[in-house]
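# Reading the structure
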Amino acid sequence: MKAPSFAYARPGTLAEAFDLLERHGEGARILAGGQSLIPSLNMRLSSPELLVDITGLAGLSGIESLPKGLRIGALVTHAQIERSPEVKRHAPLLAQAAPHIAHPAIRNRGTLGGSLALADPAAEYPACAVALDATLVIAGKKGERRVKAGAFFKGLFETDLRPGEILAAAEFPPADKAVFVELARRHGDYAIIGLAGTQAASRKRFVFLGAGATPILAVNASKASSLEEAREVLGKDLDPPADLYHSSATKLHLARVLLERAWNKL
Amino acid sequence: MTVNGSPVRRRIPARQHLVDFLREELGLTGSHIGCEHGVCGACTVRVDGDIVRGCLMLAVQANGCKVDTIEGLSDSGELEALQKAFHERNALQCGFCTPGMLMAAQDLVLQKARCSREEIKRHISGNYCRCTGYQAIVDAIEQVLNGQG
């Protein structure tokens, strides 16, 4: 189908963007890569009055090394993350996750910020952000605020972003080891279930995607001292919702399969 | 914007997708419209050198960009080897997916000198063909990439 009618603005400064968002309130939607928003418009699931295209804003792009970790601008695309030597070196979890996102033509447009701000429960970056204990940098009219990824994802497609705010960047601390694994029926399809695993200062963190309304940190499995124990206690951490093809029990089984694969690589 | 090397200037509604603009305003009907929500890949075109979904990009977002379509790549001879291989290997039946498939395949050819069948399959995983079963398509792309024939 075709998208409904809407107005379109491409502000050149953050101040202009905040003004537009304030003036149009609920009627405005932020457009970045558009790889989730435009399908939802095409299917008439959403009908905003105004799209505020933020791709002309300075300061939201670029990958930058920090004293500890990496800052990635919200407008950086999946393809840029996939190819970046800095990401490979300082945040290999993201470099491993990016090729799982859809297909090359979509990765050329879709952005890190778009994926984090949409908070699709089956998306890769939200789980990576929680696993790496990333900090999200949020720009608003009154200035910048910073939120830990664990507190940012609040529910199904629901985040800590307030009306009028724009996600500007994410900062990823380094991990000693990282592994990303995911199961999908066909490469690039939505994950049935996926796992972002990290190890920093001998502490493991296993965060699942497609296992609930938000990325889910498997608290018990992350503390386990052996693979056997981790597999066992994962049942306490996860109660994955069934989808059209997979029961909850199947998803839990597949989560254990991924846990074993990740454990053996960390 | 520049389309297939020629400058184009139009006033268009904000809601118009890039692929609709190319087809309806410019008559470039080689880029096909299948699913219109980014799943099938029939509308694949190139914007500033990168392949994109023509149905997931608004035409206004391509303002000032360099857009290349199957017509441009075909006329310039850039796709000659792939087109020949698709023909020889019978890598199409109804042909609906072929323009998108060629655009995606050429993207891989430009990125890599050699490729495994697995890599080829992954690269075209976003392009649906409902006739061929893909084997002949992968054969044709492999023939061009790896010179196997």
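As the structure is a computational prediction, the values presented were derived from the model and not from experiment.

What follows concerns the overall build of chain A. From N to C terminus, chain A includes twelve helices and 14 strands. Radius of gyration (C-alpha) of chain A: 18 Å, near the 18 Å computed for a compact globule of 266 residues. Looking at chain A as a whole, 56% of its 266 residues qualify as buried. Put simply, of all contacts in chain A between residues at least 6 apart along the chain, 60% involve residues at least 24 apart.

All right, on to the packing of helix α4 (residues 98–111) of chain B against helix α6 (residues 135–146) of chain B then. Residue and element names in this part refer to chain B. Two elements in contact, α4 and α6, have axes separated by 11 Å at closest approach and are oriented at 35°. Crossing angle aside, the handedness with which α4 passes α6 is right-handed. Contact with α4, carried on its side by Met-101, Ala-105, Leu-108 and Val-109, involves Ile-137, Ile-141, Val-144 and Leu-145 of α6 and no other residues of that element. Taken together, the residues of the contact of α4 with α6 sort by class into eight nonpolar, no polar and no charged.

Moving on: the interface of chain A and chain B. Across the boundary between the two partners, chain A contributes 28 residues, which contact 25 residues of chain B. Summing both sides of the interface, chain A and chain B together bury roughly 2,300 Å²; the carbon and sulfur share of this comes to 55%. Applying the counting criterion to the chain A and chain B interface returns two salt bridges. A salt bridge links Lys-2 of chain A to Asp-20 of chain B; the nearest nitrogen and oxygen atoms lie 3.0 Å apart. Our count for the chain A to chain B interface comes out at 14 residue pairs in polar contact (both at pLDDT 80 or more). Going through the elements one at a time, α2 (37–42), β3 (50–53) and α6 (104–107) of chain A are the ones with two or more residues in the side of chain A that touches chain B. Taken together, the residues of the side of chain A that touches chain B sort by class into 14 nonpolar, eight polar and six charged.

Counting residues in hydrophobic clusters, the biggest one holds 70 residues, and the most contacted among them are Ile-72, Ile-81, Leu-94, Leu-116 and Phe-172 of chain A. With sequence-adjacent residues up to four places away left out, Ile-81 of chain A is seen in contact with Ile-72, Val-76, Val-87, Leu-94, Ala-95, Ala-98, Leu-112 and Tyr-125 of chain A.

Residue and element names in this part refer to chain A. Mapped onto the elements, Thr-159 comes out in strand β9 (residues 158–159). On the accessibility criterion, Thr-159 (14% relative accessible area) is buried. Separated by 3.1 Å, the side chain of Thr-159 and the backbone nitrogen of Leu-161 make a polar contact. If we skip the residues at most four places from it in the chain, Thr-159 touches Leu-116, Ala-117, Ala-119, Phe-152, Phe-153 and Lys-154.

Take the sheet that holds strand β2 (residues 6–7) of chain B next. Residue and element names in this part refer to chain B. The five strands are arranged β2-β1-β5-β3-β4 in an open sheet whose pairing can be described as mixed. Among the strands making up the open sheet, the edge pair consists of β2 and β4 (50–53). Summarising the sheet, strand β3 (residues 44–47) and β4 pair through four bridges and their orientation is antiparallel. Bridge pairing links Val-45 to Val-52 in β4. Against the sheet, α4 touches β3, β4 and β5 (66–68), its axis set at about 45° to β3.

The rules we used
- Residues numbered from 1 in each chain as written.
- Chains lettered and ligands numbered in written order.
- Predicted model: local features only at pLDDT ≥ 70, side-chain atom pairs only at ≥ 80, totals over all residues.
- Heavy atoms only, no water.
- Helix = DSSP H or I, 4+ residues; strand = E, 2+ residues; numbered from the N terminus.
- Rg over C-alpha atoms; globule rule 2.2 N^0.38 Å.
- Buried < 20%, exposed > 50% of the residue type's maximum accessible area, 1.4 Å probe, protein only.
- Contact = heavy atoms within 4.5 Å.
- Axes fitted to C-alpha atoms, helices over the stretch in contact; angles between N-to-C directions.
- Left-handed = near helix turned anticlockwise from the far one by under 90°.
- Nonpolar A, V, L, I, M, F, W, Y, C, P; charged D, E, K, R; others polar.
- Buried area = accessible area lost by both parts, 1.4 Å probe.
- Salt bridge = Lys/Arg side-chain N within 4 Å of Asp/Glu carboxyl O.
- Polar contact = N/O pair within 3.5 Å; in protein donor to acceptor, adjacent residues only side chain to side chain.
- Core = buried A, V, L, I, M, F, W, Y, C linked by side-chain atoms within 4.5 Å.
- Pairing = 2+ DSSP bridges.

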